[in-house]
Amino acid sequence: MVTSILVRAASMLGGGREDLRIRDGEIASRGSLTPERGETVIDADGLVALPGLVDLHTHLREPGFEASETVLTGTRAAAAGGFTAVHAMANTSPVADTAGVVEQVARLGEEQGYATVRPIGAVTVGLAGERLAEIGAMARSRAAVRVFSDDGLCVADPLLMRRALEYVATFGGVIAQHAQEPRLTEGAQMNEGALSGELGLAGWPAVAEEAIIARDVLLAEHVGARLHVCHVSTAGSVDIVRWAKARGIAVTAEVTPHHLLLTEELARGYDARFKVNPPLRRDEDVHALRAALADGTIDIVATDHAPHPSEAKECAWAEAAFGMVGLESALSVVQHTMIDSGMLDWADIARVLSEAPASIGQLEGYDAPLAIGAPAHLTLVDPAATRTWSTTDLRGRSSNTPYTGRELPGRVMATIHAGTITVSEGDLVDPAVLDTTERG
């Protein structure tokens, strides 16, 4: 049983190389350290040490859709991508709209050992948008839910959205809105514009996203609640969030890796791997999203990891499911779009992929990353590595990645979750090696 780990010569954020000793699940010491008898040693020369990554937007599919993903396979994918905690969205079957279901998801996460799983509760019963779910019961449950979302569907009724915001404000929770006006997106298949007309696919106008964000930031201001905007995808949405923040409204926002890199042009081949909700947008939107992440208008990167079985993607575009897997590739895409372009540095990456999402999700143990006495959640990445992405790089149950054949930089070489090594030398650790006494 591994109880002590020495990470040697890691490149620390804002400083030079340093050793880290992990003992009994915590950072025990830092500096120039000597290996101890029986200690596991990780050579981190040339590797960047990041606080364990946190995803605020993951679809684990269990219960109900285990053909696409399970808590076990999803947390394996998370660990492979450097994530030590994920927030699981509520669109399962049954929907995570009661204390019982969110407690089941949290318990499954505790049993798997690859990452911490924090359930996100539904805002409305059955995601139907008609009446509020058991928000208070989920918040008081053992799962201690603090983020609520009908993601995949928009809370379109303004009165219901107001009531939800008022409710979570009483205990400091947050509503995470999937901003999509349903009447403006009926039958929509891709971004609305000249290309959608050329391809004969129903268009998805930017205003359908922007109108909901504008409404909701005003509602949040009116009732004094916290609002989080999921997967921002347009330049207009960025402008609204920027305006709201300047006004002092308690709003945060996320962008996905695929919206930082991919554009609507990829729909030309009718390859359903590129069909996603919200849709891939224009090149101008991609550049606006990158600039917003760099200047802090957008707070975090979240994967919106959305696994599907092959038959849901290997079909005609109009019949295909929306969504892409993204846990394993997220850090590489962010390095490519934001670090290698000079827009962010590695300390910024720690902020947008660990510290800020943990803060928004009120996840304990991430407030003092890599500090002595803090829980040992750690990701070691080789920024000099490159690889041509393929489905063999995936560790979840589904393979609907949009990056097949694309060269991406960086590679997660080690992931440590609460003092337990889940990835070593770039490969997942056999689950038999994970001792239950070491899980966090």
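Residues numbered from 1 in each chain as written. Predicted model: local features only at pLDDT ≥ 70, side-chain atom pairs only at ≥ 80, totals over all residues. Heavy atoms only, no water.

Take the sheet that holds strand β13 (residues 226-229) next. Strand order in the open sheet formed by 5 strands is β9-β10-β13-β14-β15, and the pairing between neighbours is parallel. Edge positions in the sheet fall to β9 (147-148) and β15 (300-301), since each has one partner strand and no second. Judged from the 4 bridges that link them, strand β10 (residues 174-177) and β13 form a sheet pairing that is parallel. Residue pairing for β13: V174 is matched across the bridge by R226. In the packing of helix α4 (residues 158-169) onto the sheet, contacts are made with β9, β10 and β13, and the angle to β10 comes to roughly 145 degrees. (Pairing = 2+ DSSP bridges. Helix = DSSP H or I, 4+ residues; strand = E, 2+ residues; numbered from the N terminus. Contact = heavy atoms within 4.5 Å. Axes fitted to C-alpha atoms, helices over the stretch in contact; angles between N-to-C directions.)

In this model, the protein carries a mean pLDDT of 96, and residues with pLDDT of at least 70 account for 97%. Counting interchain partners and residues more than four positions distant, the pLDDT-below-50 stretch residues 436-440 has 14 contacts. (pLDDT = per-residue confidence, 0-100.)

Attention now goes to the packing of aromatic side chains. Per the stated rule, a full pass over the model turns up 3 aromatic pairs. Relative to F171, the ring of Y167 lies with its centre 6.5 Å away and its plane at 75 degrees, an arrangement referred to as edge-to-face. Each ring, one from W204 and one from F322, has its centre 5.7 Å from the other, and the planes form 75 degrees; the classification is edge-to-face. Within this pair, whereas W204 is found in strand β12 (residues 203-204), its partner F322 is found in the loop between β15 and α10 (330-339), the two being separated by 118 residues in sequence. Pairwise contacts between aromatic rings join F148, Y167 and F171 into one cluster. The residue whose ring lies beneath K275 is F322, and the NZ or CZ to ring-centre distance is 4.5 Å. (Phe/Tyr/Trp six-rings, centres within 6.5 Å; stacked < 30°, edge-to-face > 60°. Lys NZ or Arg CZ within 6 Å of the ring centre and 35° of its normal.)

Time to look at the side chain of S237. Positionally, S237 belongs in helix α7 (residues 235-246). With near-sequence residues (within four places) excluded, S237 lies in contact with E209, E210, I213 and V232.

Looking now at unusual backbone geometry. In this model, S93 is joined to P94 through a cis peptide bond whose omega is 5 degrees. One can find P94 in the loop between β7 (83-88) and α2 (99-112). Residue N277 is joined to P278 through a cis peptide bond whose omega torsion reads -5 degrees. One can find P278 in the loop between α8 (257-261) and α9 (283-295). Notably, A9 is not glycine yet its phi reads approximately 60 degrees, a positive angle. Tracing the chain through its elements places A9 in strand β1 (residues 4-11). A positive phi angle is found at D304, which is not glycine, with a value near 50 degrees. Here D304 is to be found in the loop between β15 and α10.

The pairing of strands in a sheet comes from backbone hydrogen bonds and takes either a parallel or an antiparallel form. As summarised here, the arrangement of the 3 strands in space is β6-β7-β8, forming an open sheet in which the pairing is parallel. Unpaired on one side and paired on the other, β6 (53-58) and β8 (116-119) mark the two borders of the sheet. Taken over all neighbouring pairs, the strand axes of this sheet differ in orientation by 20 degrees on average, direction set aside. As judged from the 4 bridges shared by β7 and β8, these two strands associate in the parallel manner. When the bridges of β8 are listed, V86 appears paired with V117. Helix α11 (residues 346-360) contacts β6 and β7 of the sheet and is inclined by roughly 55 degrees relative to β6.

Looking now at the packing of α10 against α11. Each pair of packed helices can be summarised by the angle the axes make with each other and by the distance between the axes. Close contact between α10 and α11 brings their axes to 11 Å; oriented N to C, the two are set at 130 degrees. In terms of orientation, α10 and α11 fall into the oblique class. In this structure, the crossing between α10 and α11 has a hand that is right-handed. Counting all contacts with α10, which are made through L331, V334, Q335 and I339, the residues of α11 involved are W346, I349 and L353. (Parallel < 35°, antiparallel > 145°, perpendicular 65-115°, else oblique. Left-handed = near helix turned anticlockwise from the far one by under 90°.)

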